[in-house]
Amino acid sequence: MQVKIQPSLRMGTVLLLFLFTSEEACAEFIIKSVDLIMQPSDEVQRSTNVSLKCEAEVSRSPGSHLNYKYIFYKDYVKLNTDQISATDGLYSIPDVRVSHSGKYKCALSIKTETKESRVKDLKVKGLLTPVLKVDKLTLTEGDDVTAVCTAEGETGFLTFFFRDGPEELYRKDTYSQKVEHNLTVTKRHKNMFCYYSINLSGSLETSNNSNVISVDFQELKIKPDIKVMPSTDVTEGDPITLSCSVNMTHQRNSDLIIHLIHEKNTMLRLNMTQEDYKVIAMANDSGKYECISKLGGVHKSSSVNITVKELFSVPVLSIHPAEVFEGENFTISCQISSFDSEEIQRNITYSIFRDNTIIINSNNYSDTAGKVTNEEYMCKAEANRITKESQRVLFGAKVLVSKPEITAYGPVIVDKPFLILCHSENGTLPIIYSLMRNDITLNRTEVSDPHEKAHFLALISTPSDISSYLCAAENNGRVKMSERLHVTVIVPVETPLLTVVPVPGNIEEGYNITLICGIPKGSPPISFMFYASNPTPIHNTTVQSNSSSFVLSTVNREKSGNYYCTASNMAGMSMSNIVTVEVSWAKWKKALIAVFFMLLVALLVLFIMIRYKAKRVEVNNKESVWSERPPDQDSLELPNEGDVEYTEVVHPQPVDPTRIPLRKGTDTVYSELQTSQGDLEHINHQRLLEYAELNHDLSEPVD
């Protein structure tokens, strides 16, 4: 049957939900405090029911409905609980265990606001006493027994221990309440028990010991019996028989294995139940022998000491002399230091071997040292079926030093130190090298590394000195001399001389200038560089000669300046003198300038003459005007007392009637006239008279 919801009822429900949500959203509240209460106490015994109560004090607006959410924590980890819409939160821990001990707190969350309580410690006392059980109490040595340790109802991370008195048998970490362990019984366990512990935030709580169980067992009688025939004290060459046995008549298991071991854990026989161990006694067979029987996981052993008397000592091989050079004789001998009796000494036979091949049946061998004799040698001594070998000796004849080779390291430059190297390709080390100059020994050094060369410091003052050096190599008193040293010697360049052609001072524009840079001494190849008033070279070249040149073509005045050159080779560089070059104008430019100046001077003279004549014409014109017009009265006024008056006097000149009248020559006569007022009229009259006399012979003024 379907229930129909009326539209009006549906709308009412929605309205109520809306009002409820709006009321909750608008509600005002304050979480004032949160407290955690432990009941019945914060320290209880195990199996107690504990309640954690979270009490909160909240202030809120009247009529508001709030959702409370309580959260509980143990050791700061959130517990799996969620309680909503309750006035007080409650978290129960029934039947508590020690593992419930820890730090607890709670929190109240309303909407987006959360407040926590203070942390409180809960301590639970009393771990359960575990119970130990075994599946068998009586068993045979080597049998397995299953032991079970149980702490029923205990929780947490536990560590179980199995012990037999002070001896720990087994331990295991687990969250389980029960641990099983299979134990192989090899002895009687009279005080077997178990216990467990739990770690609580750094502190370890340990339970009481469980019940004690005594496990009895029946020992396996499998200890072996060891026998030595004929005796434990024998002499080299005597036969020895060792036997190991176990009486298995009353044993229930026949899977028995017996091992025979010599001292230092040397396994002689894997299973002595099948056969005995037989050997011819040797001196190194002395020592402890042990029989070990094994049945399942059970081991039993017996031992015996055997002493073997030495029949004769181990032979010693020696080579004389100790140092042998190729071509020299040497002797090999094989000797023993002790023997059981003189009869044994007479019966001892010797053999000498080279590279495992017999070379002589004797205790002495002689030969000439060479590459063939450089091998490993050993010898054998034998008596009464006893054979002993000596230690192996590696023989190598020393090699006389070969003729040394003398070389120079790096470039050899006059008056600069350099290294001389001496080395012999063959020769037994150490080798003593000597540097000699002609017959004089300059230095000595010893070399002990086959890849090392002797180093000597040397100096020469001329290239020919290089051939005076040679070296000597010596070992075993034998000396070999090298050839004389022959290497290329580099002579440093001397100060170069820069020559300019043509000679500076005679260089005109349009000419070619040749710069020649030469040095008195220097080993080629030589690099020459030419410079002109700046550090950047204008030309460089490398030649095999002691000089080089460079041509400046069709120079102009811009090529004037200071010129120098440098010369360099592997020994270094040197700079020349500085030559100043002055490029003068070309001859046609000089002639053009001279003509120009002469023309300029001529024009200047002509200008001066024209100016002068122009002034003369102007003066003559003024004189003519003055002659035609007698001076008027105004002009005859007397000057003041003390004035100076200048008068121009015209002298009469002879006139050629056939020519145009010439201008008369004039001389200027300077007269100083001092007058007084009383003589004024007399002076005027006198001046008129003088004027008439001076101009009486001129009919008219001259232009």
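Sequence order as written defines the numbering, with residues in each chain counted from 1. Local features in this predicted model are restricted to residues of pLDDT 70 or higher, and side-chain atom pairs are both shown and tallied only at a pLDDT of 80 or more, whereas totals for entire chains, interfaces and linings draw on every residue. The side-chain quantities take in all heavy atoms of the structure and omit both hydrogens and water.

> How should I be thinking about the overall build of the chain in this particular structure?
Under the DSSP-based scheme used, a helix requires at least four consecutive residues in state H or I and a strand at least two consecutive residues in state E, with every element numbered from the N terminus. Scanning the chain for helices and strands turns up four helices and 54 strands. In this scheme, a residue with accessible area under 20% of its type's maximum is buried, one over 50% is exposed, and one in between is partly exposed, where area comes from a 1.4 Å probe on protein chains only. Expressed as a percentage of its 703 residues, the buried residues of the chain come to 35%. Looking at the chain alone, contacts between residues at least 24 apart form 61% of all its contacts between residues at least 6 apart. Of the accessible surface of the chain, which amounts to about 43300 Å², a share of 52% is contributed by carbon and sulfur atoms. When checking whether two residues touch, look at their non-hydrogen atoms; a contact exists if any pair is within 4.5 Å. Method for areas: the Shrake-Rupley scheme with a 1.4 Å probe, in which residue coverage is limited to the protein chains shown.

> When you look at the environment of D135 in this model, what are you seeing that I'm missing?
Considering the arrangement of structural elements, one finds D135 in the loop between strand 11 (131-134) and strand 12 (138-140). In sequence terms D135 and V145 are 10 residues apart; their C-alpha atoms lie 6.4 Å from each other. Setting aside its immediate chain neighbours within four residues, D135 contacts V145 and T146. Polar contacts here mean pairs of N or O atoms no more than 3.5 Å apart (in protein, one a potential hydrogen donor and the other a potential acceptor; neighbouring residues in sequence count only if both atoms are side-chain atoms). A polar atom in the side chain of D135 sits 3.0 Å from the backbone nitrogen of T146.

> Help me understand the packing of aromatic side chains, please; the structure alone is not making it clear to me.
Between two aromatic rings, the relevant description is the distance of the centres plus the angle of the planes. When the centres of two rings from Phe, Tyr and Trp lie within 6.5 Å, Trp using its six-membered ring, the rings pair. Their planes under 30 degrees apart give stacked, over 60 give edge-to-face, and anything left gives tilted. Evaluated as defined, the whole model comprises 13 aromatic pairs. Between F162 and Y170, the ring centres sit 6.0 Å apart and the planes meet at 45°, which makes this aromatic pair tilted. Under the relative-accessibility criterion, F162 is labelled buried at 1%. Residue Y170 is classed as partly exposed on the basis of its relative accessible area of 26%. Ring centres of F330 and F395 lie 4.4 Å apart, and the angle between their planes is 25°; this geometry places the pair in the stacked category. With a gap of 65 residues between them, F330 in strand 29 (residues 329-335) and F395 in the loop between strand 35 (393-394) and strand 36 (405-409) connect regions that are remote in the sequence. One aromatic cluster is present, built from ring pairs that chain together F161, F193 and Y195. Here, a charge over a ring is recorded when the distance from Lys NZ or Arg CZ to the ring centre is within 6 Å and its angle to the ring normal is within 35 degrees. For the cation-ring pair, K380 lies above F353, with the distance from its terminal atom to the ring centre recorded as 5.1 Å. The cationic tip of K388 hangs over the ring face of F312; the distance from NZ or CZ to the ring centre is 4.9 Å.

> Where do I start with unusual backbone geometry in this structure?
Glycine aside, a negative phi is what most residues show, and trans is what most peptide bonds show. Look at the link from L429 to P430: it is a cis peptide, with omega at 0°. Structurally, P430 is set in the loop between strand 38 (418-423) and strand 39 (431-437). We note that D75 has phi near 50°; this positive angle belongs to a residue other than glycine. Examined against the element boundaries, D75 turns out to sit in the loop between strand 4 (69-74) and strand 5 (77-78). Phi at N476 is positive, roughly 55°, even though this residue is not glycine. In this structure, N476 sits in the loop between strand 42 (469-475) and strand 43 (478-481).

> Would you take a moment to explain the nonpolar core for this structure?
Within soluble globular proteins, side chains that are nonpolar tend to cluster in buried spots. Grouped together as the largest cluster of nonpolar side chains are 25 residues, with contacts concentrated most on L132, F160, F162, M192 and Y196. Contributing elements (two or more residues each) for this core: strand 11, strand 13 (144-150), strand 14 (158-164), strand 16 (178-184), strand 17 (189-200) and strand 19 (213-218). Element by element, the count of residues in this core is highest for strand 17, at five residues. Dropping the residues within four chain positions of it, L132 is found in contact with A147, V148, C149, F162, M192, F193, C194, S210, N211 and I213. Remark: nonpolar core denotes a set of buried residues (Ala, Val, Leu, Ile, Met, Phe, Trp, Tyr, Cys) joined through side-chain atoms within 4.5 Å. Within the second largest apolar cluster, 23 residues are counted, among which are V50, I93, V96 and V124.

> What is the right way to look at the pattern of salt bridges in this model?
Close approach of charged atoms allows side chains of opposite charge to pair. Within this document, salt bridges are pairs made up of a side-chain nitrogen of Lys or Arg and a carboxyl oxygen of Asp or Glu, the two lying within 4 Å of each other. Scanning all chains against the criterion turns up 21 salt bridges. The partner of K125 in a salt bridge is E43, and the shortest N-O contact between them spans 2.5 Å. Highlighted residues: K125 in strand 10 (residues 120-125) and E43 in strand 2 (residues 43-45), separated in sequence by 82 residues. Among the residues examined, K125 registers a relative accessible area of 34% and is labelled partly exposed. With a closest N to O distance of 2.9 Å, R97 and D95 form a salt bridge. Take R97: its relative accessible area is 9%, and that puts it in the buried class. For D95, a relative accessible area of 34% gives the class partly exposed.

> In this structure, what is going on with the sheet that holds strand 39? I would like to understand it.
By definition, the strands of a sheet pair up through backbone hydrogen bonds, in either a parallel or an antiparallel sense. Taken together, the four strands give an open sheet; going across it, the order is 40-39-42-43, and neighbouring strands pair in antiparallel fashion. In the strand order of this sheet, the two ends are held by strand 40 (440-447) and strand 43, each with one partner. The mean angle between the axes of side-by-side strands here comes to 25°, regardless of whether they run parallel or antiparallel. As defined by bridge partners, strand 39 adjoins strand 42 across six bridges and the pair is classed as antiparallel. Across the sheet, L435 pairs through a bridge with C471, a residue of strand 42. Two strands pair if DSSP finds at least two bridges between them. Comment: axis = line fitted to C-alpha atoms, over the contacting stretch for helices; angle = value between 0 and 180 degrees taken between N-to-C directions.

> How should I be thinking about the pairing of strand 16 in this particular structure?
Working note: regular strand, side chains alternate between the two faces of the sheet. By the alternation rule, side chains of strand 16 split into V179, H181 and L183, which are all buried, and K178, E180, N182 and T184, of which none is buried. Sheet analysis places strand 13 next to strand 16, joined by seven bridges and oriented antiparallel. Directly across from T146, in strand 16, lies its bridge partner N182.

> Just checking my understanding: could you explain the sheet that holds strand 16 for this structure?
The three strands lie next to each other as 11-13-16, forming an open sheet whose pairing is antiparallel. Two strands in the sheet have a free side with no partner beyond their single neighbour: strand 11 and strand 16. Between one strand axis and the next, the sheet turns through 20° on average, direction left out of account.

> Is there a simple way to explain the state of the cysteines in this structure?
When the sulfur atoms of two cysteines share a covalent bond, that bond is a disulfide. Note that a disulfide, as used here, is simply two cysteine sulfur atoms within 2.5 Å. The tally for this structure, following the rule as stated, stands at six disulfides. Bridging C149 to C194, the disulfide has an S-S length of 2.0 Å. Classification of the bridge connecting C149 and C194 rests on its S-S torsion, roughly 80°, and on that basis the disulfide is right-handed. Placement of C149 in strand 13 and of C194 in strand 17 is noted, with a sequence separation of 45 residues between them. Relative accessible area serves as the criterion here: at 0%, C149 is assigned to the buried category. What makes C194 buried here is its relative accessible area of 0%. One disulfide in the model links C422 with C471; its S-S distance is 2.4 Å. Across the S-S bond of C422 and C471 the torsion is about -130°, and the bridge reads as left-handed. Of the two residues, C422 sits in strand 38 while C471 sits in strand 42, which places them 49 residues apart along the sequence. Looking at the chain, its bonded cysteines, counted consecutively from the start of the sequence, adopt the pairing 1-2, 3-4, 5-6, 7-8, 9-10, 11-12.

Nothing here speaks to function; it is all geometry.
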